[in-house]
Amino acid sequence: MIRYGCDYNPEQWDAATIEEDVRLMAEAGVDLVTLGVFAWAELEPRPGEYTFTWLDDLLDRLGDAGIDVDLATATASTPAWLGDVDDELGSVDRWGRRRAGGARGHHCPTSEAYQVASLRLTSVLAERYARDPRVVMWHSGNEYGGPESCRCDRCGRAFVAWLRRRYGDLDALNAAWGTAFWSLRLSRWEHVHPPRATSDLHNPAHVLDWDRFRSDLLRAQFRAERDLIKAVNPDAPVMTNFMGLFPDLDYWAWARDEDLVTDDTYPDPADPRGAQDNALHLDLMRSLGEGKPFLVLEQAVGAVQWRDVNTPKRPGQYRLWSWQAVARGAQGVCQFQWRASVRGAETFHSAMVGHAGATGPRWQEVVRLGGELAALDVGADERVDADVAILLDWHSQWARRAAHTPDDDAPDAELRRWHAAFFELGIPTDFVSVDSDLSGYRLLVLPSHFLVSQATAERITAYVEQGGHVVGTYLTGVVDDTQGVHAGGYPGPLSELFGVRVLEHWPLPVQAPPPVPAAARISTAVGAPQAGRVVSWQWGELEYARFVERTELLAADGNDAALALAAFVDGDLAGSPAVVTRPRGAGRATYVALSLAEEALLTVAGALAADAGAHPTVPGLPPGIEAVRRGDRLYLLNHGDAARTVALAGLTPADADASDVLVGPRDVRVVELAPR
Amino acid sequence: MIRYGCDYNPEQWDAATIEEDVRLMAEAGVDLVTLGVFAWAELEPRPGEYTFTWLDDLLDRLGDAGIDVDLATATASTPAWLGDVDDELGSVDRWGRRRAGGARGHHCPTSEAYQVASLRLTSVLAERYARDPRVVMWHSGNEYGGPESCRCDRCGRAFVAWLRRRYGDLDALNAAWGTAFWSLRLSRWEHVHPPRATSDLHNPAHVLDWDRFRSDLLRAQFRAERDLIKAVNPDAPVMTNFMGLFPDLDYWAWARDEDLVTDDTYPDPADPRGAQDNALHLDLMRSLGEGKPFLVLEQAVGAVQWRDVNTPKRPGQYRLWSWQAVARGAQGVCQFQWRASVRGAETFHSAMVGHAGATGPRWQEVVRLGGELAALDVGADERVDADVAILLDWHSQWARRAAHTPDDDAPDAELRRWHAAFFELGIPTDFVSVDSDLSGYRLLVLPSHFLVSQATAERITAYVEQGGHVVGTYLTGVVDDTQGVHAGGYPGPLSELFGVRVLEHWPLPVQAPPPVPAAARISTAVGAPQAGRVVSWQWGELEYARFVERTELLAADGNDAALALAAFVDGDLAGSPAVVTRPRGAGRATYVALSLAEEALLTVAGALAADAGAHPTVPGLPPGIEAVRRGDRLYLLNHGDAARTVALAGLTPADADASDVLVGPRDVRVVELAPR
Amino acid sequence: MIRYGCDYNPEQWDAATIEEDVRLMAEAGVDLVTLGVFAWAELEPRPGEYTFTWLDDLLDRLGDAGIDVDLATATASTPAWLGDVDDELGSVDRWGRRRAGGARGHHCPTSEAYQVASLRLTSVLAERYARDPRVVMWHSGNEYGGPESCRCDRCGRAFVAWLRRRYGDLDALNAAWGTAFWSLRLSRWEHVHPPRATSDLHNPAHVLDWDRFRSDLLRAQFRAERDLIKAVNPDAPVMTNFMGLFPDLDYWAWARDEDLVTDDTYPDPADPRGAQDNALHLDLMRSLGEGKPFLVLEQAVGAVQWRDVNTPKRPGQYRLWSWQAVARGAQGVCQFQWRASVRGAETFHSAMVGHAGATGPRWQEVVRLGGELAALDVGADERVDADVAILLDWHSQWARRAAHTPDDDAPDAELRRWHAAFFELGIPTDFVSVDSDLSGYRLLVLPSHFLVSQATAERITAYVEQGGHVVGTYLTGVVDDTQGVHAGGYPGPLSELFGVRVLEHWPLPVQAPPPVPAAARISTAVGAPQAGRVVSWQWGELEYARFVERTELLAADGNDAALALAAFVDGDLAGSPAVVTRPRGAGRATYVALSLAEEALLTVAGALAADAGAHPTVPGLPPGIEAVRRGDRLYLLNHGDAARTVALAGLTPADADASDVLVGPRDVRVVELAPR
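Residues numbered from 1 in each chain as written. Chains lettered and ligands numbered in written order. Predicted model: local features only at pLDDT ≥ 70, side-chain atom pairs only at ≥ 80, totals over all residues. Heavy atoms only, no water.

## Here we look at the UniProt feature "domain: Glycoside hydrolase family 42 N-terminal" (unreviewed entry) in chain A
- When the UniProt feature table is mapped onto this chain numbering, "domain: Glycoside hydrolase family 42 N-terminal" (unreviewed entry) sits at residues 7-375 of chain A.
- Across residues 7-375 of chain A, helical content stands at 41% and strand content at 9%; the span's end C-alpha atoms are separated by 22 Å. (UniProt positions renumbered as here; feature names shortened; annotations may be inferred. Helix = DSSP H or I, 4+ residues; strand = E, 2+ residues; numbered from the N terminus.)

Now the structure itself:
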């Protein structure tokens, strides 16, 4: 069963519209509605005074139409009266400026007034609805972590409490943070503050711990709400909606606290890589759930309203990307929101029913998809199997973000490039955490995995010894768990495994050097830094970009010697190994000491995957075609503008004649395969 | 009589310089001098202590030289001592940060200290000079609205008072602002604040009302000063200087409170469209005055000093653009300022007398123009007649600016494009407000007129029924007077008139898609969104940019059926009407559902104007020539670098032999026509 | 003797590492170590409690290894406990926002707590170490002026005290600041504040005096520390480290207060002009010291960590640029820092010992250079002689920065362009102040020297009368010492000398005009401003950029007539002189009324230098070669990628056979010359 649903904010609508809406929902095949996300002021118009009539009435109406409800705790957006209780309710930025109300989510998370009132509301809601059979799941808050971090003194005190639990005493904190440098030694706990605007570069360890603290702080709110619901009904599923690779929360930790994983996914339709961005969201959610069914809880039917230019989805693209979600493991696709607002900040965000009403091509697509999903019988046990795992660790990305690193690439950029390469190659990938079971994967990728602890290094080494293949790329294994550099050469505790020691990071100038004129002058005759060509016996010349490293092979004799698969043949780094591989136990470890250009990355990633035994689901796909196997179904998605015929080489369709499948532009075909 | 004048700030100069200045003014033909704009500290060096000797002396000197005075109330820039009276004098930004003194105009407009002191000064000045015959007009404040809006608590309380008058009770306010969404319901008036920095997008209705309030608040200061002057001399003309399409004040309302309209116009000489920008200023001022004479009160002789790069006017361009002002209806051209400062923030702003003194080509041009204007006999009753009106409404632009709209184009950008098209076509245009009398116009343009109230829709419909032609472009008629979307399809209450319903806004990606490489990959094979070609039976292929809309024709039978003049023939919007026209009563309404590229806009605007009976003043003009008829004179202005001969086809020169007129580069020729 | 050294921050390291470090320093040839720059918290862990054991121990170890010490006063970065003493310790930005701790240098310089504690620490250190023979020099603070200026009320009061000393009474201040304009008259000293965020453009004279005040304020801290050291040992050399053309401090005044000049130089290796940037640093430091030996106190061995992209130095470039320092007059080259941090904000700043340890090509280069410098016998009396002087005055640059000038070019941009031209031409240059002795120079350059006082004008005139050649470029001599424009035409008091009067500044549009389409329209037919071609009888057509001026020759008869060497031959400035020269006494003055493009600047600068008798050290150098004579040695530096042979035409090598010298890529050759 695949859910089809939407956010519904009935507080915006009159009775007649609501009545029409429920009727239209049934027409569109909607069977799951999220209620109450922004309804705090409606549910509790004055402190402690609750009004449930409208909600009861709506539950009845939806129930009569056979529509289930995902009920929100309504704590994401505070009512105006809460500011009367706490005049320091607004969150505070790095300059100490307090945010005003007038939008959503402006509260400081350590406001006692907020905590008391939000949990009181959650409790009242749970008492009333947690045993209601029409409420099939619970939705805590909304997009936790959205606005920038509050850095008020109150949050600072909570940070100190968190640090005391983590470090015990100040000496340990001073050591971990390296405060000996720049005279930053803390001699009282009161000296600890949130990272604020200051006069020079921040201490990165300070910032890293702040990021950890903040993820934990917000998670504590989630857990408190969850526990109040569970206290009434231990079987009630509770979750909150994720936002893909949102950089500020450790979703691995969050996912462990949830009953199911849900996601808000808004790729830019104007971005030719939108389908890959969507796939990344979906692969990530499937991985975060470690097998539990996940939902797309929010996506747009057409355009959003928060970009500078909000190009809508192309005709058919909403349906196509919804099918992509099903193919990659979703048990439902829901939209924000049911009916487009006519007032407020999200007025021009598209909806299932637009401003012109239930009419036109968009509405037809909405109804068509609803019908298709209702007819589809896909079980939660139908899985996507991946042989390739990409290591993802928010702590590593925070460490990279906090550090003043050699270049300014985004902490997740290399990870995104490797995911995109496997997507293009048609090879399924999972994401894994440093705690995940790696044994099922043939290839593990560490894309610029900046922070590698001793424990992680040991787990990866054990994985390789037992037959796994691992590939790590530049800027991997630079720091340890407290942001301290692994002295002795990167990648520190993985250096022996990869058989390589990195001597120097070597980011390249972004801009090409100016042309050298004929005139004989000193400065203009000076060549700009250039790392030279990288040539491999196997892959020929490899193009690279942004970043290289100077490395040296670790001395090793005999069968387990490290081998340079590619090296710089000229330029400033001539002779320096660029790609190094080394066998270990039953497996192999390969280090890629540079940022490969797009074509070269496809070449190398494809070769390493093949070497590890990880292959495309369908080889030789025509342009624009994505092929995903989930359970015993093959989903063929055509993202291009021309119809394409797909030859199912090496696969066994249930219908033996279905070896060639024609897929129309922006269309999908589902092929039943013989069971594995 | 055409005035020739300047700002004069004698507080900067010693007696000898002042004496020389008055002599030079006479030499240059100056007959109107603005005094006192920044003289508060000079007039009132300590609270309540006034010194008028210097002003009296200067009035005598100017009077002796036959030079009239425009006297400022001097309230635009506060003296330092006012900060001693009110330590919250400085205005406050959206983050709650108070601006320091040290420049001009930093005061909060609701400061009681400011209000008391500014009106006391105005009153004292009025008592002393409002009956003085040498003071021919009064100048309140200066460039009202210049610095960003103050958002302090005091202004917030004034905002509440304004809202109470507008809405009566909180329920009405909550309804109008749509606070049901995002839990923003206000339960006490104290919950209302100015729009401040917050955690997410603002409620647009909140921002729209704030913009309205601010225009009214500043206007109240103007009215209070005006009334004090009128109390002494009811016949004294009172005004303040406008700044063209300045986005923050509703100049229609302001103009109604003034005795005459004046403008500060500073087109960038480095912008090839500078002449059109100047024309827009002039057309707007003529329109705001609805027939009353207007003045260019400030322009630069050469360069300004507030751009990043301040290129001066080209030789002859100061004279040429001054003549352009006369041609388009000005009764005078004045400059900021007479003599270039040698100290202070405006030191490098050019002046009639530059740092090198009364010498060189600039001074020669200043003197030449003064002589020419003095010799010119143009009456205030000599008018520019326009058949085309462009609807301009600050409330609509505020609504667009406050809304989180599909794209980020400037609220007045489409209006500027249509004015530019008519300028290039040589067709005179007026601007009109939603309250203006439309009956005299053949064509009315609604350029992305975002906010359309029911009343405005009815007025426009009546205009068409009585024979008018109206053209509306994309993003017209989206919201009502309280920023609520017209449900049922845009352009809401104009939908029937235009015969079209807009189903979806469709802004286009700003950047071209990257080239698709040969390699067969998923993401790179995906075509970027494209709306396709627009073809018209009448105009051929129409190029467009930025924005399109998906539309459908409204069903209509018989003679008043809507007709698609152009439609998308391929791409994502294939089949969607792009330009739709429909007859109504004696007139016609045409909807342009896209942003036309420059050439296409000239084609369409020219065709629609011709169809409505609006024609160029002089057909077939050579490149670079602007032709404007005012009264019975034809002004031919050559903005180009080459001399051109203009054939006066279809016009009747008073001198029948003057059918071909040679105009030199950056020169002007005035041709007397036979009276109409 | 050439020093070779480094910053060392042992508080980061354990005993074993320190022991290894001292051993490796000896291996590398290090003989000077800077200690204690960031050690305040280590030296004084609690207020008034000092711990010197670690420092004593290190001094012993270093002394045993024959390594001298540069001891810091450790006052640049405050310990956390100082915030307990003064809760207004953090500096305040222009919006009144106080900076938090957590980095270095965040203190307000007028904090009494800071002043008391920093001087107490300096005093204690001086008592203990100022007579210690191992401490060969003292290092006050660190990179004074680094973070942005504090603008708190306390600093405001210090500013008032400074102004009272400068101006005596408010009338003088009001006159000097030109407060008559914009109603800014100050009627009480309390009205004076630091320049803060306000509503419009600042009064430039206010900002100029603030810049002067701030340089003096920070210098007072330096002098106080210096005097405490001198009180113990009058012979102890005291300095602080400069940062090249750092815009905020008047290094001429600072250098006079120091015993020696030292510099931190960090050219970007990714910038093809890095070598010229380094040369500018070195020429400046040599000039600031007026003959005293100077040190490069900080440079990077590889990369820094504070740029967006931190490309490391190319192989050999660290050694090459160090030799460049010796060639241009340095008595030592030191690096930041000895061993790369593993924690903290500077972790990824390269060091003499990198994260991988004392290994690899970098370490080999470090050791090689140490050996070479130890073998080099260059005395402090071996000088670089220059015939060309470039006038540099921080007050002039502050005046330009504070003024709202015609364009937004950096205040030192024209100076950098002229230095670069002479660098390319191989002609040695010094920098001089307005107080320097000019008599030894053949050519004096005033590159857009904005502020010229009467006294400076007289000194320059006397210099020319006695035979000097002076060249001034556009935007020279615009304002006087209090930012008042020289009325009567720029360059004011130099106008007679140059024989030219500037009538108008004429910055050019940055962007090329859009192409003019075929269509005959007004705006597109309008040409953009263009100044036209500049042609000279001597140099042919001269290309220019950014800025021109309209000028006129001053009438002058006979032998001392001003002569236009080049003039605009067409365009908007046709006929206006572009380069004007005039003889005066035994010398000559030339005014360049435009910003010359690179090639044209080489032509003009080369011709003017030759005319004045200033010639390249080695004529006809091959591409990429820099040649510098210091004492009787010629240093040949090859910045290019190919080996080059240099012919020593016109020079007399001590070894007569050494007339052709081969220099490898990124290598250096030193040629002994016959004594002069």
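## Thoughts on the interface of chain B and chain A
- Facing the 68 residues of chain B at the interface are 69 residues of chain A.
- Summed over both partners, the interface of chain B with chain A comes to about 5,600 Å²; 59% of that surface belongs to carbon and sulfur atoms.
- When the buried area of chain B at its contact with chain A is split by residue, B:F181, B:W182 and B:I522 rank highest and sum to 15% of it.
- Put simply, chain B and chain A have five salt bridges between them.
- Here B:D480 makes a salt bridge to A:R343, at a shortest N to O gap of 4.0 Å.
- Here chain B and chain A share 23 residue pairs in polar contact (both at pLDDT 80 or more) between them.
- Only α7 (170-177), β14 (500-507), α17 (522-525) and β17 (544-553) of chain B provide two or more residues apiece to the side of chain B that touches chain A.
- Of the residues forming the side of chain B that touches chain A, the biggest block, seven residues, is contributed by β14(B).
- Its residues assigned to classes, the side of chain B that touches chain A comprises 34 nonpolar, 20 polar and 14 charged. (Contact = heavy atoms within 4.5 Å. Buried area = accessible area lost by both parts, 1.4 Å probe. Salt bridge = Lys/Arg side-chain N within 4 Å of Asp/Glu carboxyl O. Polar contact = N/O pair within 3.5 Å; in protein donor to acceptor, adjacent residues only side chain to side chain. Nonpolar A, V, L, I, M, F, W, Y, C, P; charged D, E, K, R; others polar.)

## Some words on the relation of the copies chain B and chain A
- The operation relating chain B to chain A is a screw motion whose rotation component is 120°, with 0.0 Å of axial translation and a residual RMSD of 0.1 Å. Interpreted geometrically, this transformation is the action of a three-fold axis. Scanning chain B for the C-alpha nearest the rotation axis identifies B:R97, at a separation of 5.1 Å.
- Comparing contact sets, just 1% of the residues at the interface of chain B also lie at the interface in chain A, consistent with a heterologous contact between different surfaces. (Least-squares fit on C-alpha atoms with pLDDT ≥ 70 in both.)

## Describing the nonpolar core
All names here are of chain A.
- Of all hydrophobic cores here, the largest spans 167 residues; its most connected members are V30, W138, L288, W338, F422 and L444.
- At eight residues, the largest contribution of residues to this core is made by helix α18 (residues 598-612).
- With residues up to four places along the chain from it excluded, the contact list for L444 reads A389, L391, V432, L438, I460, Y463, H469, V470 and V471. (Core = buried A, V, L, I, M, F, W, Y, C linked by side-chain atoms within 4.5 Å. Buried < 20%, exposed > 50% of the residue type's maximum accessible area, 1.4 Å probe, protein only.)

## A closer look at the relation of the copies chain C and chain B
- Taken as rigid bodies, chain C and chain B are interconverted by a rotation of 120° and an axial shift of 0.0 Å, the fit giving an RMSD of 0.1 Å.
- Little of the interface of chain C is mirrored in chain B, where only 1% of its interface residues are also at the interface.

## Here's the deal with the sheet that holds strand β7 (residues 261-264) of chain C
All names here are of chain C.
- Taken together, nine strands build an open sheet; the order of strands is β5-β4-β3-β2-β1-β9-β8-β7-β6 and the sheet is parallel. Each of the sheet's edge strands pairs with one partner strand only, and the pair in question is β5 (238-239) and β6 (241-242).
- Inspection of the sheet shows strand β3 (residues 68-72) paired to strand β4 (residues 135-139) by four bridges, in the parallel sense. Across the sheet, the residue bridging to D70 is M137, located in β4.
- The sheet strands contacting helix α11 (residues 317-327) are β1 (3-8), β8 (294-298) and β9 (330-335), and the helix crosses β9 at an angle near 150°. (Pairing = 2+ DSSP bridges. Axes fitted to C-alpha atoms, helices over the stretch in contact; angles between N-to-C directions.)

## Some remarks on the pairing of strand β3 (residues 68-72) of chain A
All names here are of chain A.
- Across the five residues that make up β3, a large majority, four, are buried.
- Alignment of strand β2 (residues 32-35) against β3, held across four bridges, turns out to be parallel. If you follow L32 over to β3, its bridge partner there is D68.

## With respect to helix α7 (residues 170-177) of chain A
All names here are of chain A.
- Along α7, the residues classified as buried are L170, L173, N174, A176 and W177. One side of α7 carries all its buried residues, which in axial view fall inside an arc of 165°.
- The elements touched by buried residues of α7 are α6 (153-167) and α8 (204-232).
- For α7, the capping residue at the N-terminal end is D169, with a side-chain oxygen 3.2 Å from the backbone nitrogen of D171.
- One or two residues past the end of α7 sits G178, with phi positive at roughly 60°. (Arc of directions from axis to C-beta.)

## Structural notes on the sheet that holds strand β9 (residues 330-335) of chain A
Residue and element names in this part refer to chain A.
- Spatially, nine strands are ordered β5-β4-β3-β2-β1-β9-β8-β7-β6 in an open sheet, and the strand pairing comes out parallel. Because the sheet does not close on itself, it has two edges, and the strands there are β5 (238-239) and β6 (241-242).
- One ladder, built from two bridges, connects strand β4 (residues 135-139) with β5; its direction is parallel. Residue pairing across strands places H139 opposite M239, the latter belonging to β5.
- Across the sheet, helix α5 (residues 112-129) is in contact with β3 and β4; its angle to β4 comes to roughly 170°.

## Describing the pattern of salt bridges
All names here are of chain C.
- For the structure shown, the criterion picks out 204 salt bridges over all chains.
- Note that D257 is salt-bridged to R226, the shortest N-O span being 3.9 Å. Of this pair, D257 sits in helix α9 (residues 251-257) while R226 sits in helix α8 (residues 204-232), and the two are 31 residues apart along the sequence. For the pair D257 and R226, a shared accessibility class is recorded, and that class is buried.
- As a salt-bridge pair, D408 and R546 come within 3.6 Å of each other at their nearest N and O atoms. With a gap of 138 residues between them, D408 in the loop between α13 (394-402) and α14 (413-425) and R546 in strand β17 (residues 544-553) connect regions that are remote in the sequence.
- The class for D408 is partly exposed, based on a relative accessible area of 44%.

## Quick look at the interface of chain C and chain B
- Facing 68 residues of chain C, the contacting portion of chain B comprises 68 residues.
- A combined buried area of about 5,600 Å² lies between chain C and chain B, and 59% of that area is made up of carbon and sulfur atoms.
- Taken as a group, C:F181, C:W182 and C:I522 account for 14% of the area that chain C buries against chain B, more than any other trio of residues on that side.
- Inspection of the region where chain C meets chain B yields five salt bridges.
- Notably, a salt bridge pairs B:R104 with C:D200, separated by 2.9 Å at the nearest N-O pair.
- Here chain C is connected to chain B by 24 residue pairs in polar contact (both at pLDDT 80 or more).
- Contributions of two or more residues to the side of chain C that touches chain B are made by α7 (170-177), β14 (500-507), α17 (522-525) and β17 of chain C.
- In terms of residues, the side of chain C that touches chain B owes the most to one element, β14(C), which gives seven residues.
- Counted by class, the side of chain C that touches chain B contains 34 nonpolar, 20 polar and 14 charged residues.

## Considerations on the confidence of the model for chain A
Residue and element names in this part refer to chain A.
- On average, residues of chain A score 95 in pLDDT, and 98% of them are at 70 or above.
- Note on residues 513-518: pLDDT is under 50 here. Beyond four places in sequence and across chains, it has five contacts.
- Interface confidence in the predicted complex, given as ipTM, is 0.96; pTM for the same model is 0.96. (pLDDT = per-residue confidence, 0-100.)

## Remarks on the packing of aromatic side chains
- Applying the stated criterion to the full structure yields 77 aromatic pairs over all chains.
- Relative to A:W81, the ring of A:W40 lies with its centre 6.2 Å away and its plane at 85°, an arrangement referred to as edge-to-face. Of this pair, A:W40 sits in helix α2 (residues 40-43) while A:W81 sits in the loop between β3 and α4 (82-85), and the two are 41 residues apart along the sequence. Take A:W40 and A:W81: they sit in the same class, and that class is buried.
- When the centroid spacing of 5.3 Å and the interplanar angle of 45° are considered together, the rings of B:F159 and B:F213 count as tilted. (Phe/Tyr/Trp six-rings, centres within 6.5 Å; stacked < 30°, edge-to-face > 60°.)

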